[in-house]
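So you can see what is in the structure, the chains are spelled out below.
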Amino acid sequence: MEGVPQPTAIINNPADIGVIVGYFVLVICVGIWSMCRTNRSTIGGYFLAGRNMVWWPVGASLFASNIGSGHFVGLAGTGAANGLAVAGFEWNALFVVLLLGWLFVPVYLTAGVITMPQYLKKRFGGRRIRIYLSVLSLFLYIFTKISVDMFSGAVFIQQALGWDIYVAVIALLVITTIYTVTGGLAALMYTDTVQTFVIIGGAFVLMGFAPALYNISTACYQPRPDAFHLLRDPLTGDLPWPALIFGLTIISTWYWCSDQVIVQRCLAGKSLTHVKAGCILCGYLKLLPMFLMVMPGMISRILYPDEVACVVPEDCKRICGTEVGCSNIAYPKLVVTLMPAGLRGLMLAVMLAALMSSLASIFNSSSTLFTMDIYNRLRPQARSKELLIVGRVWILCMVAISIAWIPVVQAAQSGQLFDYIQSIASYLAPPIAAVFFLALFVKRVNEPGAFWGLIGGLLMGLARLLPEFAYGTGSCIFPSACPRLICGVHYLYFAIILFLASVVLVVGVSLCTPPIPDKHLHRLVFSLRHSKEERVDLDTEEEEERRRQETRQQQGVATNGAVEHVLEVEGPPASRPQGGVGRCMAWLCSLGGAAQRAPEPGAERLPDITEPPTWSRVVNLNAIAMMALALFLWGYYA
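Residues numbered from 1 in each chain as written. Predicted model: local features only at pLDDT ≥ 70, side-chain atom pairs only at ≥ 80, totals over all residues. Heavy atoms only, no water.

### Looking at the overall build of the chain
We count it as follows: Helix and strand assignments follow DSSP, with helices taken as H or I runs no shorter than four residues and strands as E runs no shorter than two, numbered in order from the N terminus. Each residue's exposure class comes from its accessible area (1.4 Å probe, protein chains only) as a fraction of the maximum for that residue type: buried when under 20%, exposed when over 50%, partly exposed otherwise. Reported accessibility uses the Shrake-Rupley method at a 1.4 Å probe radius. Residues are deemed covered only where the shown protein chains occlude them.
For the chain, the helix and strand inventory stands at 26 helices and zero strands. Each of the 638 residues in the chain was classed as buried or not, and the buried ones make up 58%. When the accessible surface of the chain is totalled, it reaches about 24,900 Å², and 67% of it is carbon and sulfur.

This is the structure:
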């Protein structure tokens, strides 16, 4: 490796270390404060923050949960390689996040659900859709979220610290897990709010710092002729404009409107107005990645063309450890080489904030999915305390999976990390987006149609996904040998085809099978969201059988102070050890004192989705203003 600078421990001075330590102290203090402020001993308190969050932590948490370290590394890397078009992934969300607040969340709230699979179960009945979606969602978390964040975090840590990857990653995961396990969603949303300021502030510093150091010729900016075009040729462009607008909207609808990580933050909102205002705040924040991540990536290509824009596989292997290209080091390279002491520590704190915020959100939401949709099905007699423990144990399992997955991501990642994320989503997510969209807006869709639409869409997606992984994505010098018939269609175009095919399959099967009567659909579809009539849940018989099973099991087990499954559980027996360590652990895990099993979500008093007229007009006008600004920017950079 002669002639190539190797990573050194650049962030090792008192100023940088002081900033990093101060950041961690701040985050932990906010987490502890939120633990003391909220009730974590119920399912609703732990998983939905008591449904009492106001608009600003909702919006900040939506943004921070979305912007992980994968965005810093992936957006900057793709910007360095191909220019501005990747910003369309961010600006598309400005419109879709409004769909979330105005169309999807009102139905989720009136349905009284905690998880997205739970909504489909109420909407269609049966178990197979809920279990299928829960398992697929956990699968997607591993391959498109956890693995990406872990890899991108490792790239930054290597460039910034020169530490062993596993030591640094394990340290991060330990801290992330502590405040995720102990605090629940409320701790995540308040710490997300703090970290949003850190992320934006630090990125603004770098955005202004890099251009000030160098006088850069315009010719150096252009890795390709259309690098400054947001909308590109529909046939030859790397991100064709029809695919970017329509295909990406499908992927965004899945992510923003039906993904547990995102929707869970909205379900924690104090009212529908607060949810809408939070979506608007998130939309405004999503304007920033173009300027804070994509453009710095392009600047990095100018300053370090031999490293960031390397082409020869042997050179790339020496520089960043992968032969397909080193564009992923664009952002970390800027940070560790340009910024002075103190500011380097701030930027590392920014990356740690993004990584920890994203991972913590994933761990909490995957815990909700596993606990409520899988474990609760396997052990319907489980009490509140058991469900809370299982949720925390599952987080630890996700940590172990994350660490074990790092070598796989290092070996299998494609040349551009952001393309990897979006391509996986394009092959697996469109059927889910189709089912959720039809479930909300088409009453005629039923369970057989939804189920076979999901299964058929999955098989079609795997028919594209598996060959592409088998042949590899290739590089500029050594293109992939995957047949053009299979891999020649751009992944966003494939998302459009897959979505339409899934819609046809869902509607076709539904029309060939009996419809669902309206008595089962009150407050579960958009047209009936304001209905006051009593809803007869499709899963009523299943729930009654479940309660009968619980009763039989409770009668067959001798317990001290046993109570009915749906009633308040008494405090811990006097014989339980109450030493100092035991009390401390009980407080940390919110297991001490009187623990309540929250009523089944459908049995809770349904949230009121009516809005004060004045505030409704305020949020509507703000939504219009944000869309106008977004259209101007799309047009300006098109």
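Picking up after the structure, the text goes on.
### Observations regarding the confidence of the model for the chain
Basically, it comes down to this: In predicted models, pLDDT denotes the confidence assigned by the predictor to each residue on a 0 to 100 scale. The contact rule is simple, with two residues in contact once any of their heavy atoms fall within 4.5 Å.
When the pLDDT values of the chain are averaged, the result is 76; 70% of them are 70 or greater. Confidence, read as mean pLDDT per element, is least for helix α2 (residues 43-48) in the chain (46) and greatest for helix α23 (residues 491-511) (96). Segment residues 216-221: pLDDT under 50, and nine contacts once partners within four positions in sequence are set aside and those in other chains are kept. Predicted confidence is poor over residues 556-578, with pLDDT under 50, and the contacts of this stretch with residues over four places away or in other chains come to 26 contacts.

### Looking at unusual backbone geometry
Phi at Arg-523 takes a positive value of approximately 65°, unusual for a residue other than glycine. Overall, the relative accessible area of 12% leaves Arg-523 in the buried class.

### Details of the environment of Pro-234
Examined against the element boundaries, Pro-234 turns out to sit in the loop between α9 (165-213) and α10 (241-258). The spatial distance from the C-alpha of Pro-234 to the C-alpha of Leu-244 is 9.4 Å, given a sequence separation of ten residues. If we skip the residues at most four places from it in the chain, Pro-234 touches Pro-240, Trp-241, Pro-242 and Tyr-493.

### Some points on α23
How we decide: Given the number of residues in a helix, its expected span is that number minus one, multiplied by 1.5 Å. Here, the arc refers to the directions that run from the helix axis to the C-beta atoms.
Look at α23: 30 Å from first C-alpha to last across 21 residues, which is about the 30 Å you get at 1.5 Å a residue. Among all positions in α23, only Tyr-491, Leu-492, Phe-494, Ala-495, Leu-498, Phe-499, Ser-502, Val-506 and Ser-510 are buried. The arc that holds the buried residues of α23, viewed along the axis, is 140°, so those residues lie on one side. Exposed residues lying more than 90 degrees from the buried face of α23 are Leu-500, Val-504 and Leu-511. In this structure, the buried residues of α23 make contact with α5 (88-91), α10, α19 (417-428), α20 (430-441) and α21 (447-471).

### Digging into α10
For clarity, the cut-off: Bend angle per residue: angle between axes fitted to the 7 residues ending at that residue and the 7 residues starting there.
Over its 18 residues, α10 extends 25 Å from the first C-alpha to the last, a length consistent with the 26 Å expected when each residue adds 1.5 Å. The largest bend in α10 amounts to roughly 30° and is located at Leu-248. For α10, the tally of buried residues reaches 14 of 18 residues, placing the bulk of the element in the interior.

### A look at the side chain of His-71
Test applied: As used in this structure description, the phrase polar contact means that two N or O atoms lie within 3.5 Å; if the pair is within protein, one of them must be able to donate a hydrogen and the other to accept it, and residues adjacent in sequence are counted only when both atoms belong to side chains.
Within the element layout of this structure, His-71 appears in helix α4 (residues 69-82). Within polar-contact distance, the side chain of His-71 engages the side chain of Glu-90 at 3.4 Å. With sequence-adjacent residues up to four places away left out, His-71 is seen in contact with Asn-66, Ala-76, Glu-90, Lys-286, Met-293 and Phe-418.

### Some words on the environment of Leu-281
With respect to the helices and strands, the residue Leu-281 is situated in helix α12 (residues 272-285). Given the relative accessible area of 23%, Leu-281 is considered partly exposed. Considering only alpha carbons, one finds Leu-281 and Ala-623, 342 residues apart in sequence, at a separation of 9.6 Å. Discounting chain neighbours no more than four positions away, the residues touching Leu-281 are Trp-55, Trp-56, Gly-59 and Ala-60.

### Topic: the pattern of salt bridges
Inclusion rule: Every case where a carboxyl oxygen of Asp or Glu lies within 4 Å of a side-chain nitrogen of Lys or Arg is listed as a salt bridge.
Following the criterion strictly, the structure yields nine salt bridges and no others. Note that Asp-537 is salt-bridged to Arg-535, the shortest N-O span being 2.7 Å. Taking relative accessible area as the criterion, Arg-535 reaches 11% and is therefore assigned buried. Overlapping salt bridges bring together Lys-122, Arg-535 and Asp-537 as one network.

### Re the nonpolar core
For the record, the criterion: Nine residue types can take part in a nonpolar core, namely buried Ala, Val, Leu, Ile, Met, Phe, Trp, Tyr and Cys, and a core is a set of them joined through side-chain atoms within 4.5 Å.
In this structure, Leu-100 and Tyr-119 are the most contacted members of the largest nonpolar core, which totals 144 residues. For this core, the element with the most residues is helix α6 (residues 93-111), which contributes 13 residues. Those residues in contact with Tyr-119 that lie beyond four places of it in its chain are Val-107, Tyr-108, Ala-111, Val-113, Phe-436, Ala-439, Leu-440 and Leu-524. Among the nonpolar cores identified, the runner-up in size contains 22 residues, and Met-150, Ile-395, Met-398 and Val-399 belong to it.

### Digging into the side chain of His-522
Looking at the element boundaries, His-522 is found in the loop between α23 and α24 (540-556). For His-522, a relative accessible area of 7% translates into the label buried. Among the polar contacts listed, one links the side chain of His-522 to the side chain of Ser-531, at a separation of 2.9 Å. Residues contacting His-522, with those up to four places away along its chain left out, are Leu-528, Ser-531, Glu-533, Glu-534 and Arg-535.

### Quick notes on a nonpolar patch on the surface
Here is the rule: Exposure above 30% relative accessible area and no salt bridge define the residues that can form patches, which grow by joining like charges within 9 Å and nonpolar side chains of Val, Leu, Ile, Met, Phe, Trp and Tyr within 5 Å.
Together, Ile-17, Val-21 and Val-25 make up an exposed nonpolar region whose accessible area comes to about 240 Å². Note on placement: Val-21 falls in helix α1 (residues 14-37). Accessibility expressed as a relative area gives 46% for Val-21, which makes it partly exposed.

### Here's the deal with the packing of aromatic side chains
Put simply, the test is: Two aromatic rings from Phe, Tyr or Trp, using only the six-membered ring of Trp, form a pair when their centres are within 6.5 Å; if the ring planes differ by under 30 degrees the pair is stacked, by over 60 it is edge-to-face, and anything between is tilted. Consider the ring centre and the ring normal. A charge sits over the ring if Lys NZ or Arg CZ is within 6 Å of that centre and within 35 degrees of that normal.
Taken as a whole and assessed by the stated rule, the structure comprises 16 aromatic pairs. Taken together, a centroid distance of 5.0 Å and an interplanar angle of 80° make the contact between Tyr-636 and Tyr-637 edge-to-face. Tyr-636 gets classed as exposed once you look at its relative accessible area, which sits at 60%. Each residue in the set Phe-104, Tyr-108, Tyr-119, Phe-436, Phe-437, Phe-441 and Phe-526 is aromatic and connected to the rest through ring pairs, giving one cluster. Between Arg-464 and the ring centre of Phe-494, over which it is positioned, the NZ or CZ distance is 5.5 Å.

### Description of the state of the cysteines
Each disulfide consists of a covalent bond between the sulfur atoms of two cysteine residues. What counts, and what does not: Working definition: a disulfide is two cysteine sulfur atoms within 2.5 Å of each other.
One pass over the structure, following the stated rule, counts zero disulfides. Cys-257 takes part in no disulfide bond, and the closest cysteine sulfur to it belongs to Cys-279, at a distance of 8.6 Å.

### Thoughts on the packing of α6 against α12
How we decide: Fitted lines through C-alpha atoms serve as axes, helices being fitted only where they are in contact, and the angles separating the N-to-C directions of these axes extend from 0 to 180 degrees. Orientation categories follow fixed angle ranges, with anything under 35 degrees roughly parallel, anything over 145 roughly antiparallel, 65 to 115 roughly perpendicular, and all other angles oblique. Each crossing is labelled by how the near helix is turned from the far one, with a counterclockwise turn of less than a right angle marking it left-handed and a clockwise turn marking it right-handed. Gly counts as polar in this scheme, as do all residues outside two lists: the nonpolar Ala, Val, Leu, Ile, Met, Phe, Trp, Tyr, Cys and Pro, and the charged Asp, Glu, Lys and Arg.
Remark: α6 packs on α12, axes separated minimally by 9 Å, with the N-to-C direction vectors making an angle of 160°. Between α6 and α12, the angle is such that the two are roughly antiparallel. The two elements α6 and α12 meet at a crossing, and its hand is right-handed. The residues of α12 that touch α6, namely those facing Leu-94, Val-97, Leu-98, Leu-100, Gly-101, Trp-102, Val-105, Pro-106 and Leu-109, are Leu-272, Val-275, Lys-276, Cys-279, Ile-280, Cys-282 and Gly-283. Grouping the constituent residues of the contact of α6 with α12 by class yields 13 nonpolar, two polar and one charged.

### Topic: the packing of α20 against α23
Two elements in contact, α20 and α23, have axes whose closest approach is 8 Å; the angle formed by their N-to-C orientations is 45°. In terms of orientation, α20 and α23 fall into the oblique class. The chirality of how α20 crosses α23 is right-handed. Taken together, the residues of α23 that come into contact with α20 (itself represented by Pro-430, Pro-431, Ala-433, Ala-434, Val-435 and Leu-438) are Ala-495, Leu-498, Phe-499, Ser-502, Val-503, Val-506 and Val-507. The residue inventory of the contact of α20 with α23, partitioned by class, reads twelve nonpolar, one polar and no charged.

### Remarks on the environment of Val-442
Mapped onto the elements, Val-442 comes out in the loop between α20 and α21. Spatially, the C-alpha atom of Val-442 lies 8.9 Å from that of Ser-527, the residues being 85 residues apart in sequence.

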